[in-house]
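# Observations on chain architecture
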Protein chains: 2
Amino acid sequence: MIDRERFPIDPWRLVETRFDEDDLGVTETVFATGNGFIGMRADYPEGRHAHEHGTYINGFHETWPIQHAESAYGFAEVGQTIVNVPDAKIMRVYVDDEPMSIDLAEMTEYERSLDFRDASQNRRIRWVTPSGKEVLLESSRLISFADRHLAVLQMKVTVLNADAPVVINCQIINRQDGEDVYGGRPAAARKTSGKPDPRKAERIAERVLVPQEYWQVGNRSTLSYRTASSGMTLAVVADHTIETENPYESRGLIEPDIAKNVFRVEAKAGVPVTVTKYVSYHTSRGVPAAELIDRGRRTLDRSTSTSADEHRARQRAWLDDFWDRSDVRIAGHDSLQQATRWGLLQVAMASARADGWGVPAKGMTGSGYSGHYFWDTDVYVLPFLDYTSPLWARNALRMRAGMLPAARRRAAQMSEGGALIPWRTINGEEASAYYAAGTAQYHINADVAYALVKYVLATDDIAFMAKEGVDLLVETARLWSTLGFWRETSFHIHGVTGPDEYTTVVNDNLFTNVMARFNLRAAAQVVRDMAERAPIEYRAMVDRLGLSSDEPERWERQGHAMHIPYSEEAGIHPQDALFLERELWDLENTPVSQRPLLLHFHPLVIYRFQVLKQADVVLAEFLQGSYFSQEEKLADFEYYDPLTTGDSTLSGVAQAVMAAEVGYQDLALEYFEHSLFVDLADLHGNASDGVHIAAAGGAWMALVCGFAGMRDYGGVLTFDPRLPVEWPELAFPLTWHGTRLDITLHREELIVAVRPGGDVDEVPFGVRGESFTARAGERVVVPLADQGPVKPGRPAMRRGERDDGTRPGAIVPPSTDVLAIIAEEVDAGAVLQDIDE
Amino acid sequence: MIDRERFPIDPWRLVETRFDEDDLGVTETVFATGNGFIGMRADYPEGRHAHEHGTYINGFHETWPIQHAESAYGFAEVGQTIVNVPDAKIMRVYVDDEPMSIDLAEMTEYERSLDFRDASQNRRIRWVTPSGKEVLLESSRLISFADRHLAVLQMKVTVLNADAPVVINCQIINRQDGEDVYGGRPAAARKTSGKPDPRKAERIAERVLVPQEYWQVGNRSTLSYRTASSGMTLAVVADHTIETENPYESRGLIEPDIAKNVFRVEAKAGVPVTVTKYVSYHTSRGVPAAELIDRGRRTLDRSTSTSADEHRARQRAWLDDFWDRSDVRIAGHDSLQQATRWGLLQVAMASARADGWGVPAKGMTGSGYSGHYFWDTDVYVLPFLDYTSPLWARNALRMRAGMLPAARRRAAQMSEGGALIPWRTINGEEASAYYAAGTAQYHINADVAYALVKYVLATDDIAFMAKEGVDLLVETARLWSTLGFWRETSFHIHGVTGPDEYTTVVNDNLFTNVMARFNLRAAAQVVRDMAERAPIEYRAMVDRLGLSSDEPERWERQGHAMHIPYSEEAGIHPQDALFLERELWDLENTPVSQRPLLLHFHPLVIYRFQVLKQADVVLAEFLQGSYFSQEEKLADFEYYDPLTTGDSTLSGVAQAVMAAEVGYQDLALEYFEHSLFVDLADLHGNASDGVHIAAAGGAWMALVCGFAGMRDYGGVLTFDPRLPVEWPELAFPLTWHGTRLDITLHREELIVAVRPGGDVDEVPFGVRGESFTARAGERVVVPLADQGPVKPGRPAMRRGERDDGTRPGAIVPPSTDVLAIIAEEVDAGAVLQDIDE
């Protein structure tokens, strides 16, 4: 899977020991650094030979009119694409005026690493120049968690065996959204894509960044821009310090799209030169660029007096705290341990300092999915944050609340009440241009409501719910209330798409209905509770939202009557009203060359079959598991698992958790590992577009909810462990109601310890139906008789009597011979009666 | 409806008596002329003040890459748009060097007409110049049916009351697809459309027509072009003659995009000047433009010696023959008579000389629907042609057969066998960019097969079927054979869209299944008959198509077992498997301001409801009426009619025919009149985009199949008349198996007369279950007891107990109070328990 000679296992670092140009895109992604605001891909400081030179600022996007080949009322009109901002990573090195060029250089030593303890990216190269000089290059990049706008980059050069002129050329280049106007286009831009792939970012043809003020004073340079269409502003300010005992001089150059700070050094053998580049990025929805430059200057004024080492130490301390509350330890499996920590760090780097923005599907590690926010955040990322860094979860929910005005407009445009949260967005407007797998995914409304309630249950952050969250709950519930309709005594939702994008625009999608039910009932419950227990906030909310007194009752009635499709005959929950009417897609016999299906079959073809891009019913039975029996979960898992392609990286997580719950424990491990290594081993072939953040967050769910069997239905922590056979121990902390727990799972016991000093002193929890209470400073040891049911292998596709599994184009003969009874009278009977005339 | 003062009734002409700038677009359309190859909108010879200066050549199109906002495998990639070719209509008149400007001129007389007898457009204006000169301008345009490439335009100027210098400035301008590079943009291009309207043509931003050779010799000018992308070529050659007793001189000018032939005349009072402009258009898929110029010169060499009057006389003779075999006479109703003849002429002008091309949805009268061919031709236009001008029908079917190679490729791309005929196309490739209402309309395959079989049944053209038609039948059947699938003993077709575009991508659409059944069985039958009766053609066909021996049996088995949805409970045929599960759209209470629905609601919203853009089940029960009982037809008509918006102009025809059949005779008349006047009264507000040719052809069906009750199931002519109460007589000819019949319908009798000299001497027919035979030279008078069942008014929407009709956004309360039994346990129960802390 992974070349372990090149990428050796290290539980606290991702390490590369050999340069390879073939997978530049993947390594740029997996070694990327970020803090949830700034993200830098791991392209080399030499500034060439990149798959995609990438620096992204969360939320900093350009808009453009979506051109529909055939438009219709209500189609999304404004595209949004995250902008590849000016690249400040460049620190080119010349020795004897010869450039260090990573692809040509003779290197006797090469190591690049991402350190999970301080989120720094480090590189150490020993370069032998053509004239025989041995040069040690040590460089690092660090994007500060503590100071949201700051990156510290360093290049240390030592000519080991001779004196030599050394030049370190620090640049900021505006590549115009990925294209290098000063020479060379990155590999990603050159590559002509043969097939349409909706997962790639849009490219905008026109100039995106319009230069504003730019200047250079001493070693400080600044460039600033305004986006041509969205009107956002950006300033990047860089300052440089040099430390060396060699004589040197510095030069500069500034133009609208490039800034250079060049250090020319007369290096003595063995005497190092260290240049530290402090970079500050500030963005705004519209403040003048000059104001952003001022902010950047202040950031640097405060930062440059601190050495790179000291910044690193501070970052380490910051992350020590993160790991203390977040680290999941898998004893005896360093490869899994390494990948797990890498994934948790990815989530931190995608969300920690998002502050007012969301968590893009790829974090800030690439331009995939155009930097948009999807349900990935709410369903796959927030659970981890709820229990480790609740403040970040809260910020992500506030982002959703802030976009309510746009969501209200969208609901009205879609002829519904309340708010319709966009399927994909940066600025709050729907940006999905293909409604069948976009706007039709109304379930995002319930996903956000679900995430909100889960957050409040885990944190007890009542104030947030009462002041801001309730608006989200009420407005999302209102949408369901008008979207659904009554048929006799049950409530139905038609014409929506569930999580599985291989069937679209269906009636009574189980996932949607189950989640909408939750949304409706939770809204009713919260509103009622507020009326009783927080009358002041309640009255303010009623005024703010124009809540009428009969609404909560209506929501509850609708939620209670929600139609949940079930087939007595098949003994399973159909994914939607018609799902079982579809033909079975024979996935077992579909060649790898035709995967993923979406790149080889027209949507109309895929939609006709029972075949899943990703878990749908199975995910619903994880998120809303208390509404389904064990037997139902088992039957549904066994039915859907063989029909699930996993063409979406979101699928493996739900499959892992539910495989563990129903007893397919080997399979659970397989799905977990698939999610865990989706980028590190580039399992979907598109890691070069950026890290799949939801898979990274999902891996935590697979560990904690899958193997430790943790659930929190109704806010109560329960455990039903499924420790993999070869794992001696799984251990992790949880933060619950402001109190830190440490969970340790062995085959024979589950240990819950409560650290003192938290907000609550007692933590109730359940294990397999039994209730326990852990007290601060104590540990509760719960003996385990086993690790749950064990089923071997994987479920086989159920080929009923009704139908043989087929793939498109295959023809299935009827079981009975009906030819004998064909009526004689055919309309065309007379056509050829005279043909022999 | 129509301002009869401005547009007085004339049974053989469409007449306009007053210039009005407000509805330029509509009058340009309804006064347009054409011959099925060349089409000229009725913009004025002065060349200004047009809604859309339009000249179109059938099939002459540009291609362009379709940009999908979010693409996927198999989406149509190449757009096709009919090109607005260089405008040869311009013959500007100047008196005293003052231009005649239609919008400013003081006119003491104005008449414009389209003469149905010779398809000429004529204008007579008496213009008083600012200096008091009275000028008579008589102009005409005629596009020859006999000579496919020829148009003859004439301008006659007489200064009545004084001597004056007169200039007649004849031009050909290449306006670059509608934009006038020599000044002024037409109204249509200026107009910024507020809402997306998929019915408009695409505009291509780049230059479409690349100039090739151009020259001028004497009064002859030529321009020629090659399209930038599709590589098609076009030459327009014009020659001019002048007839006058006044002294004159002629001048010329030629540039790549303009040719001028100017005649300067010293006109004496009362002495006329007549300039005749002979224009020839030739196009090709790729022959060099120079070769097309040669062809154009030959056309003109042959034509210019014939006077305009003589051309007119020839055209009249040609059309006399057309009217003799085509005219439908409605006694005592000149308004209907006028509109009916106008419509029949439209079909002739759209199809007569299409020769190898198809019949565009708007003919060549405008750029609406981009000049594409749809099922309109096969289902709405061909029945008229089958029975009046079978050669034109045959040509249209050969066009479909010629596109089989592309249709086979498309089927393979869509994972099916056989051929998939594109939903919309010019060059044979699918050009529909919105698959839900495009590619998903697989029914076009059966529509074409149906049209083919109907043609052969009406004409007895066995040779065409055996040599070419059978390929279409077999390949279309093969598609159904792989698209459908078996479920127990019935055969299903999933994931398709029927004619009604207000529900899309459904399972077992009744129309599709019924028509596919016909297609499958007809193919099996024809292949079997060929094997027996035309063994040589059969063997050639088997080789050509690789037909395996078990295919016909399989088709018949599948056709026989085709699932036809029926609801015992509702007593009707659901439009598709799930149709009755949808909410009812309360059409009666939807304000006019929200019509048509497609411009005011997102497709997802519309798709959720029982609401129809156009007849679907009702159309199936017309086309395949022998498979449905009278009771079924009545029940279905009564159910669907109140749910049908008629937002498609295709709807009224089927509703008229079936309303007549089931007894809603007033309603039948209403729907007929709607179809008849859809353009003349601009009932859909888009007549300016071109004539709705299918509505024009459909009006013939409403008359012949609706009011005369003609059917031809299995090739047998039957009549079950429904003469409207106030109509004393309806009479029309039919051509059947090469023999001309004259049908005359009175309230008391139906008369069938067979003209002598036809291919067959005996014509069997049925009237209300009784069989008759009419012999050549004889007439059979069948007495009629009545004109069928009569039901008053229109059916009301059936509001069942199950559901109240709702519109989007309306909320229907449940009939029972389920609140009382709501379970206490709600997942969010614990959320706010501590809110008062």
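Placed above this text is the structure.
A quick note: this is a predicted structure, and the numbers were derived from the prediction, not measured. (Residues numbered from 1 in each chain as written. Chains lettered and ligands numbered in written order. Predicted model: local features only at pLDDT ≥ 70, side-chain atom pairs only at ≥ 80, totals over all residues. Heavy atoms only, no water.)

Turning our eyes to something else, we now look at the pattern of salt bridges. Residue and element names in this part refer to chain B. Across all of its chains, the model carries 117 salt bridges over all chains by this definition. Among the ionic pairs, E762 bridges to R775, the shortest N-O distance being 3.2 Å. Here E762, found in strand β29 (residues 762-767), pairs with R775, found in strand β30 (residues 770-775); they are 13 residues apart in sequence, far enough to count as distant. Residue E762 is classed as partly exposed on the basis of its relative accessible area of 44%. (Salt bridge = Lys/Arg side-chain N within 4 Å of Asp/Glu carboxyl O. Helix = DSSP H or I, 4+ residues; strand = E, 2+ residues; numbered from the N terminus. Buried < 20%, exposed > 50% of the residue type's maximum accessible area, 1.4 Å probe, protein only.)

For the rest of this paragraph, the subject is the packing of aromatic side chains. By convention here, two paired aromatic rings are described through the distance between centres and the angle between planes. Counted by the stated rule, this structure contains 62 aromatic pairs over all chains. Both rings, one in A:Y435 and one in B:Y434, keep their centres 6.3 Å apart while their planes meet at 50 degrees; by these two values the pair is tilted. A residue pair is termed interchain when its members come from two chains, as with A:Y435 in the loop between α8 (404-413) and α9 (443-459) and B:Y434 in the loop between α8 (404-413) and α9 (443-459). Classification of A:Y435 as buried rests on a relative accessible area of 9%. With a relative accessible area of 14%, B:Y434 lands in the buried category. With a centroid separation of 5.8 Å and 10 degrees between ring planes, the pair formed by B:F322 and B:W392 is classed as stacked. Within this pair, whereas B:F322 is found in helix α4 (residues 308-326), its partner B:W392 is found in helix α7 (residues 390-402), the two being separated by 70 residues in sequence. (Phe/Tyr/Trp six-rings, centres within 6.5 Å; stacked < 30°, edge-to-face > 60°.)

Turning our attention to unusual backbone geometry. All names here are of chain A. R595 connects to P596 through a cis peptide bond whose omega is -15 degrees. If you trace the backbone, P596 turns up in the loop between β22 (583-584) and α14 (603-607). Positive phi is not limited to glycine here, since D355 has a value of about 50 degrees. Following the sequence through the fold, D355 ends up in the loop between α5 (334-351) and α6 (375-386).

Pairing in this open sheet of five strands is antiparallel, and the strands run β19-β26-β27-β28-β31 (chain B) from one edge to the other. Pairing within the sheet leaves two strands with one partner each, and these edge strands are β19 (329-330) and β31 (779-783) of chain B. (Pairing = 2+ DSSP bridges.)

Attention now goes to the sheet that holds strand β5 (residues 78-84) of chain B. Residues and elements named next belong to chain B. Sheet architecture is open: four strands sit in the order β2-β3-β4-β5, paired in antiparallel fashion. Whereas interior strands pair on both sides, the edge strands pair on one side only; in this sheet they are β2 (33-34) and β5. Here two bridges tie β2 to strand β3 (residues 38-40), and the two strands are oriented antiparallel to one another. Following the sheet pairing, G34 is matched in β3 by G39.

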